[in-house]
Each structure stands twice: as structure tokens, then as C-alpha cells.
Amino acid sequence: MPSRNDEDLALCARAAKGDQAAFAMLVAKHERPLRSFLARMTSADVADDVAQEAFLKAWRFASSYDGRARFSTWLTRIAWRCLLDEARKSRRAGADEAPVHSSDSEQVSLVADMLSRLSQPERAALILCDGHGWSHAEAAELLRMPLGSLKTVVARAKSKCREMWSSQYADA
């Protein structure tokens, strides 16, 4: 039985040859987790724009996917770079960083507020490793940082969240 990545590699190879149906299958498989990651990093509107840009780039550069990493890792790396580009554009335009998406649920809103107080690398590392279940090695590869540094960033992010929870949200 082929692994999920083998299936994705085959679909991506077909997409690289112009097979739109194969690419549509990849989008259907990976759109929800990608948008979920991006929505935790920025506003819903920006997340949608960045996801769309990432899928366009994945379509354009499908022939460069070599299967060494999972397709989801490759796609999220593209989206991460698109998100960084969007943040640079916003800073140049003088806009504030977009707020993290919140929910009607009070607890989810509190967690979103805590995440918004983390630096972008801390937020990304924590969401990838604890929110999406990526291994530290996969997250380190995506964020292009040494494995030890990634582990430190995740630990620091968790520590900051615990501190925020106990000092600001204990009574909430």
C-alpha cells in the first residue's frame, strides 16, 4: 500500500505535467490544514490570500517537488514564505500586524490572544508542533532553523503561554 506521500508525489508529478484534476486532489487534501495554520498566524482574510498564493506557487513549481519531505511540509514552506513576504509588504506600507483570528468561544479567544503575543517564529513553531502534530525536525526544516533552536523556540513559546495564562487569564 503506497504511503500518503507516495500518493502526493504521484499527484504532484501529474500536476507538473499540467493535470489540473491531480492538482485539485492535492488542494482538496491539503487546503484545510494549510488554511488552519495560516489562520492562526494572521487574520482570516490574509490567511485566505496567502493560501491562494501558496497554491498558485505550488502549481507553478510542481516540477520542483522531489518527495524528500512530505508534500504538506513543502506546501507549508511555500505558504510560510508567502506569509513572510506579506508581513514585509505590510510593514513597508506602515500597516500593523494583522490580528490573530478569534472565535466566539471564550477559551479559544484567550488562546488566540496568547498566540498573538508570541513572536511570529514562536507562534509558528508552537502551532506546527503542538497544534498540527508536526515533528520538531519537520518544523525546523520548514522554518529553516537548526533542530536545537526550534526546540528552544517551542519551549520558550510554551513557557510564555504558561506565564501569560497564570498571570493574565487565571481569573478568566
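You'll find the structure just up there.
Everything numeric in this text was worked out from a predicted model, so none of it was measured. Counting restarts for each chain: residues are numbered from 1 in the order of the written sequence. Only residues with pLDDT of 70 or above have their local features reported here, since the model is predicted, and side-chain atom pairs are shown and tallied only from 80 upward, although totals for entire chains, interfaces and linings are computed over all residues. In computing side-chain properties, one takes all heavy atoms of the structure into account and sets aside hydrogens as well as water.

> Would you mind going over the overall build of the protein in detail, with residue names and values included?
Helix and strand content of the protein: eight helices and zero strands. Working definition: with a 1.4 Å probe on protein chains only, accessible area under 20% of the residue-type maximum means buried, over 50% means exposed, and in between means partly exposed. Counting over 172 residues, the protein shows a buried share of 40%. Runs of E in the DSSP output that reach at least two residues are strands. Runs of H or I that reach at least four are helices, and both are numbered from the N terminus.

> Explain the pattern of salt bridges to me, using residue names and the numbers behind them.
What makes a salt bridge here is a side-chain nitrogen of Lys or Arg within 4 Å of a carboxyl oxygen of Asp or Glu, nothing more. Tallied over the full model, the rule gives 12 salt bridges. Between D8 and K29 there is a salt bridge, and its shortest N-O distance comes to 2.7 Å. Taken together, the residues span a long stretch of sequence, with D8 in helix α1 (residues 4-16) and K29 in helix α2 (residues 20-41) at a distance of 21 residues. What makes D8 buried here is its relative accessible area of 2%. On the basis of relative accessible area, K29 is assigned to the partly exposed category, the value being 25%. The shortest N-O distance in the salt bridge between R35 and E31 comes to 2.9 Å. A residue pair is termed a helical-turn pair when its members lie 3 or 4 positions apart in one helix, as R35 and E31 do in helix α2 at four residues. By relative accessible area, R35 is classed as partly exposed at 25%. Given the relative accessible area of 28%, E31 is considered partly exposed. Through salt bridges with shared partners, one network takes in E7, D8 and K29.

> Outline the packing of aromatic side chains, supporting the account with residue identities and numerical values.
Pairing of aromatic rings covers Phe, Tyr and Trp, the last counted by its six-membered ring, and requires centre-to-centre distances within 6.5 Å; plane angles under 30 degrees mean stacked, over 60 mean edge-to-face, and any other angle means tilted. Considering all chains together, one arrives at six aromatic pairs under this definition. In this scheme, the term charge over a ring applies when either NZ of a lysine or CZ of an arginine sits within 6 Å of the ring centre and within 35 degrees of the ring normal. If you follow R70 out to its NZ or CZ, it ends over the ring of W134, 5.4 Å from the centre.

> Residues and numbers for unusual backbone geometry, please.
For R144, which is not glycine, the phi dihedral falls at a positive 55°. Judged by its relative accessible area of 61%, R144 falls in the exposed class.

> With reference to specific residues and values, describe the side chain of H30.
Within the secondary structure, H30 is located in helix α2. One polar contact links H30 to D8, side chain to side chain, over a distance of 3.0 Å. Contact definition: two residues touch when any of their heavy atoms are within 4.5 Å. Every residue in contact with H30, bar those within four places of it in the chain, is listed here: R4, D8, F55, F71, S72 and L75. Throughout this description, a polar contact denotes any pair of N or O atoms lying within 3.5 Å of each other; where both atoms belong to protein, one of them has to be capable of donating a hydrogen while the other can accept it, and for residues adjacent in sequence the pair is counted only when both atoms sit in side chains.

> Help me get a handle on the layout of surface pockets, residues and values and all.
Buriedness for pockets is judged along seven lines, at least five of which must meet protein on both sides within 12 Å for an open set on the 1 Å grid over protein atoms alone, while cavities are sets there where a 1.4 Å probe fits but cannot get out, and lining residues have an atom within 4 Å of a point. Grid points are joined across faces, edges and corners, and a volume is the space filled by probe spheres set on the points. As a volume, the largest pocket reaches approximately 280 Å³. For the lining of the largest pocket, the secondary structure elements donating two or more residues are α1, α2 and α4 (71-93). Ten residue types, Ala, Val, Leu, Ile, Met, Phe, Trp, Tyr, Cys and Pro, are classed as nonpolar, four, Asp, Glu, Lys and Arg, as charged, and the remainder, Gly among them, as polar. When its residues are assigned to classes, the lining of the largest pocket shows seven nonpolar, six polar and three charged.

> Break down the packing of α2 against helix α6 (residues 120-131) for me, citing the residues and quoting the values.
In this description, a line fitted to the C-alpha atoms serves as the axis of each element, helices being fitted only across the stretch in contact, and the angle between N-to-C directions of two axes falls anywhere from 0 to 180 degrees. The contact between α2 and α6 brings their axes to 10 Å, and the two run at 145°. Pair α2 / α6 crosses with right-handed handedness. Where α2 abuts α6, its residues F37, R40 and M41 lie against Q120, R123, A124, I127 and L128. For a crossing to be left-handed, the near helix must be turned anticlockwise from the far one by less than a right angle; the clockwise case is right-handed.

> Explain the environment of F55 residue by residue, including any values.
Following the sequence through the fold, F55 ends up in helix α3 (residues 44-60). In this structure the C-alpha to C-alpha distance between F55 and I78, which are 23 residues apart in sequence, comes to 8.4 Å.

> I'd like to hear about the packing of α2 against α3, residue by residue, with values.
For the pair α2 and α3, the least separation of the axes is 10 Å and the interaxial angle reads 145°. In the packing of α2 onto α3, the handedness of the crossing is right-handed. Of the residues in α3, those touching α2 at Q20, F23, V27, H30, E31, L34, R35, L38 and A39 are A47, D48, V50, A51, A54, F55, A58 and W59. Considered class by class, the residues forming the contact of α2 with α3 number 12 nonpolar, two polar and three charged.

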